[in-house]
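Tertiary structure, described
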Amino acid sequence: MLNEENNTCKVVLFGEPGVGKTCIIGRFVNDDFDENTISTCGASYAGKSKEFEEYDKTVNFDLWDTSGQERYRCLSRIFYRNAAAAILVYDITRRESYEDVKQYWYNQVVQYAPKNISNKL
């Protein structure tokens, strides 16, 4: 759901700690990968404008990186408000991180995210 007034798209990343949410955002925003990234406490924000020439439109992405630590999970619900996309991230080398996405984060998206967010797993 793109906010047509200011061409803003809010995207939120969820998943266990250490699965790469911060690295994904860093790669998108700065075209950089930092393997020494530290865990996010609470949440962090990054923004990026991207031009889509084929649509003659520039989209402003508001990217929210949420902490996967259990003590911060209750805070994640506030980030769903006005979100256009929720990206569920897991580490392919850690099966438990995938199970956590299936058993916890997916259900959170279904329960708290705007109903127009796609909920395919």
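Refer to the structure above for everything that follows.
As a starting point, this report considers the structure included with it. Just so you know, these numbers come straight off a predicted model, no measurement behind them. Note on numbering: residues in each chain are counted from 1, in written sequence order. In view of the model being predicted, local features appear only for residues whose pLDDT reaches at least 70, and side-chain atom pairs are presented and counted only at 80 or more, with totals across whole chains, interfaces and linings using the full set of residues. Heavy atoms throughout the structure, all of them, feed into the side-chain values; hydrogens and water do not.

**Structural notes on the pattern of salt bridges**
Here is the rule we go by: Any carboxyl oxygen of Asp or Glu that lies within 4 Å of a side-chain nitrogen of Lys or Arg is treated as forming a salt bridge with it. Secondary structure is summarised from DSSP: a helix means a run of H or I of at least four residues, a strand means a run of E of at least two, and numbering begins at the N terminus for each.
Enumeration over the complete set of coordinates arrives at 6 salt bridges. The closest approach of N and O atoms between Arg94 and Glu16, which form a salt bridge, is 2.7 Å. With Arg94 in the loop between β4 (85–88) and α2 (95–112) and Glu16 in the loop between β1 (8–14) and α1 (21–30), this pair connects stretches of sequence that are 78 residues apart. What emerges from the salt-bridge pattern is a single network uniting Glu16, Asp91, Arg94 and Glu96.

**As for the packing of aromatic side chains**
Aromatic ring pairs: the centre-centre distance and the angle between the two ring planes describe each pair. Heads up, the condition is: Between 30 and 60 degrees the pair is tilted, below 30 it is stacked and above 60 it is edge-to-face, where a pair is any two Phe, Tyr or Trp rings, Trp via its six-membered ring, whose centres lie within 6.5 Å. Residue burial is assigned from relative accessible area. The probe radius is 1.4 Å, only protein chains are included, and a residue is buried under 20% of its type maximum, exposed over 50%, and partly exposed in between. In this scheme, the term charge over a ring applies when either NZ of a lysine or CZ of an arginine sits within 6 Å of the ring centre and within 35 degrees of the ring normal.
Within this structure, the stated rule accounts for 8 aromatic pairs. Aromatic pair Phe14 and Trp105: ring centres 5.2 Å apart, planes at 20 degrees, arrangement stacked. Of this pair, Phe14 sits in strand β1 while Trp105 is found in helix α2, placing the two residues 91 residues apart along the sequence. With respect to class, Phe14 is no different from Trp105; both count as buried. Residue placement shows Lys50 over the ring face of Phe52; its charged tip is 5.6 Å from the ring centre.

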